[in-house]
Amino acid sequence: MKHISILRLLAGGLIFTAASCSLDYDPVDMYSDVTEGVQKEEDQGAVFKDKAAVEAHLQTLYDQMRDRQEHWYQDMFLIGDTHSDNAYAGTRSGAPQYFENNTIPSTIPPLQRGWNRFMEDIARANKLICNIDAVTDASLTAQERESYKAQAKIFRAMIYFDMVRNWGRIPIVITEAGDITSETIEEVYPAYFPTQNTEEEVYRQIEKDLLEAVSAAPDNNPDDKTRFSKSVARTLLAKVYAEEPLRDYSKVIKYCDEVAADGFRLADKFNDLFGVKMQDETLLPGPGNPAIEAKYRNTVESILEAQYFPGSGTWLPNILGRFLDDWDKQFTYAKWITPSRDLLAAFEEAGDKERLNETVVYYQTNWDNHYPREHYPFMYKIRSSYSTVIKYRYADVLLLKAEALLLGNGNVGDAVDIINQIRHRAGLEDLPSSATSSREVAFEALMKERRLELALEGQRWYDLVRWGKVEEVMNSLPDRDAGRAKLGNLFNKNYYKLPISQSVLDQNPNLEQNPGY
């Protein structure tokens, strides 16, 4: 008897009938929460026939983070910055405007794309985790088996962390669904249409994956920051323990210290993180002086990054600004995530010229959606096809430790020392004594420093939510930022999470929409 083994919830769908079955469920013709299906005979054997097949599948996990840039980077920048006080929509139409004015409908592409593609990525991780132990190839050692599984668990934890921060209650899927036949459908069907778990349950699963992975994952490799290493797991644990469902500031500090012990430190210059090599380093970028490579990859500060090279570069400047490797390429239309006046004023107030110049750049345009076209600002941290996109970096970890010290009743002086370390790299002096007179005042300084250090890297919105500062910062924003669109909805706790895509709800009747949408 031939079975259909399905992980295909988006890419095509499977129609089946079971006339003799009486079901409480109402099957639909497209599955919703796992993707990638294969057809197999009963006696086909293990999913992975040998070590090479396992390693090839592991590489597909890394390929997802590098190549599927819409949901891994573009949409996270949109949520993290345009949905905060850091950026405007950039365009007068399409999805970004809804994030700027807080009127996000459940029908826009980023919501469907993000949910579906992340669930596809989880399915790929599950395939390795659930099947690697059945591989009989003697050349696959026990140590390799555990390492590959650990890397897949880190990948899965990364995805769930991004998803739970965006949507809150989401399904936890950690197994592969079995074959659907008329005999098994009642047992198998719920695996294809899972219900939502609580936020705490999702965080507990993330924690479990990371704690299991941290011992077996590869060590940090200073020459290759693209791998899911122990340091990536420790970074994620620090970030997870800073979030409310599992909040434990002592553990945040513990894992921040372990990341430091892995050999990370701040890069010598802020430009080392985002700079590019120009054809003629003595001239400014321009039509006759293209970028030819990234300035650096695998810096001592980078914990995890996606790397792009000549011949297979990133297309993100197409959305965010200008390709310095091809000056006029795709620069005839407005770009997303335009730096806000409020962010520019924050840099100016701090006297922070060095980070401002690496975060924001000005070009002349043929549009004036937010600024005069003669002097229009753009996000500058991804500036050519060859730019490296950094997912996690040590400055974030350092500032998380300072946050944990201040909010967890740690030593205020130690937190201030960290903030000053970040400031010194930016060419700024120590915080004035007035900014360190109390724990509360020092935390205000920490929030400002974190905003400027990580501006336009997709972090700001999640920081505001974690700090409980959304209403305070966002509801007054149009009054102090002349370029900001009027809010369609004032922010409250319902808007801390995004709506689930209506198409996802239509595909899976067991999901419920988030409150407020």
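Here, every reference points to the structure presented above.
Residues numbered from 1 in each chain as written. Predicted model: local features only at pLDDT ≥ 70, side-chain atom pairs only at ≥ 80, totals over all residues. Heavy atoms only, no water.

Colleague: It is not clear to me how the overall build of the protein chain should be interpreted in this structure. Could you clarify?
Modeller: Scanning the protein chain from terminus to terminus reveals 20 helices and 10 strands. Computed over its C-alpha atoms, the radius of gyration of the protein chain comes to 24 Å, within 12% of the 24 Å expected for a compact globule of 517 residues. Counting only C-alpha atoms, the protein chain reaches 75 × 55 × 50 Å along its principal axes. In the protein chain, which comprises 517 residues, the proportion classed as buried is 58%. A separation threshold of at least 6 residues defines the contact pool for the protein chain, and within that pool the share at least 24 residues apart is 73%. For the protein chain, the computed accessible surface area is about 20700 Å², with 47% contributed by carbon and sulfur atoms. (Helix = DSSP H or I, 4+ residues; strand = E, 2+ residues; numbered from the N terminus. Rg over C-alpha atoms; globule rule 2.2 N^0.38 Å. Buried < 20%, exposed > 50% of the residue type's maximum accessible area, 1.4 Å probe, protein only. Contact = heavy atoms within 4.5 Å. Areas by Shrake-Rupley, 256 points an atom, 1.4 Å probe, with all protein chains shown as cover.)

Colleague: Would you mind going over the pairing of strand β10 (residues 389–393) with me for this structure?
Modeller: Successive side chains on a regular strand alternate, one facing one side of the sheet and the next facing the other. The element β10 is largely enclosed, with a buried count of 5 among its 5 residues. By the bridge criterion, 4 bridges tie strand β6 (residues 302–306) to β10 in an arrangement that is antiparallel. In the sheet register, Ser302 faces β10, and the bridge partner there is Arg393. (Pairing = 2+ DSSP bridges.)

Colleague: Looking at this structure, how should I read unusual backbone geometry?
Modeller: Excluding glycine, residues mostly carry a negative phi; peptide bonds, for their part, are mostly trans. Of note, Asn102 is a non-glycine position whose phi angle comes to about 60°, a positive value. Mapped onto the secondary structure, Asn102 falls in the loop between α3 (95–101) and α4 (109–131).

Colleague: Looking at this structure, I do not really get the packing of helix α2 (residues 69–82) against helix α17 (residues 460–467). What am I missing?
Modeller: Angle between the axes and distance between the axes: these two values describe a pair of packed helices. In the contact formed by α2 and α17, the axes pass within 5 Å of each other and the chain directions differ by 50°. Viewed along their axes, α2 and α17 adopt a mutual orientation that is oblique. Contact with α2, carried on its side by Met76, Ile79, Gly80 and Asp81, involves Arg460, Trp461 and Tyr462 of α17 and no other residues of that element. In the contact of α2 with α17, the residues fall into 4 nonpolar, 1 polar and 2 charged. (Axes fitted to C-alpha atoms, helices over the stretch in contact; angles between N-to-C directions. Parallel < 35°, antiparallel > 145°, perpendicular 65-115°, else oblique. Nonpolar A, V, L, I, M, F, W, Y, C, P; charged D, E, K, R; others polar.)

Colleague: Would you take a moment to explain helix α8 (residues 230–241) for this structure?
Modeller: What sets the pattern is the α-helix's 3.6 residues per turn: residues three or four places apart point alike. The terminal C-alpha atoms of α8, which comprises 12 residues, lie 16 Å apart, in line with the 16 Å expected from a rise of 1.5 Å per residue. Extensive coverage of α8 is indicated by the burial of 12 of its 12 residues. Along α8, the positions that sit buried rather than exposed are Lys230, Ser231, Val232, Ala233, Arg234, Thr235, Leu236, Leu237, Ala238, Lys239, Val240 and Tyr241. (Expected span 1.5 Å × (residues − 1).)

Colleague: Could you clarify how one ought to interpret the side chain of Gln69 in this entry?
Modeller: Of note, Gln69 is situated in helix α2. A relative accessible area of 3% places Gln69 in the buried class. Setting aside its immediate chain neighbours within four residues, Gln69 contacts Gln74, Tyr308, Thr314, Trp315 and Leu316.

Colleague: Is there a simple way to think about the packing of helix α7 (residues 199–213) against α8 in this case?
Modeller: Where α7 meets α8, the closest approach of the two axes is 10 Å, and the angle between their N-to-C directions is 155°. As summarised for this structure, α7 and α8 are arranged roughly antiparallel, according to the angle between their axes. Seen from above, α7 lies across α8 with left-handed handedness. Listed contacts from α8 to Tyr203, Ile206, Glu207, Leu210 and Leu211 of α7 are Ala233, Leu236, Leu237, Val240 and Tyr241. Looking at the contact of α7 with α8, its residues break down into 9 nonpolar, no polar and 1 charged. (Left-handed = near helix turned anticlockwise from the far one by under 90°.)

Colleague: Whenever I open this one, the side chain of Lys153 confuses me. Can you help?
Modeller: Looking at where Lys153 falls in the secondary structure, it is placed in helix α5 (residues 142–167). Overall, the relative accessible area of 13% leaves Lys153 in the buried class. Excluding residues that lie within four positions of it along the chain, Lys153 makes contacts with Ile129, Asp209, Glu212 and Ala213.

Colleague: In this structure, what is going on with the pattern of salt bridges? I would like to understand it.
Modeller: Side chains that differ in charge, positive against negative, can pair when their charged atoms come close. Inspection of the entire model under this criterion finds 50 salt bridges. Where Arg451 meets Asp85, a salt bridge forms, and the shortest distance between an N and an O atom there is 3.5 Å. In this pair, Arg451 is assigned in helix α16 (residues 439–453) and Asp85 in the loop between α2 and β3 (87–88), connecting sequence segments 366 residues apart. Here Arg451 and Asp85 have matching classes, each one buried. One network of salt bridges, in which partners are shared, links Glu301, Asp352, Arg355, Lys381, Arg393, Arg423, Arg425, Glu449, Glu453 and Glu457. (Salt bridge = Lys/Arg side-chain N within 4 Å of Asp/Glu carboxyl O.)

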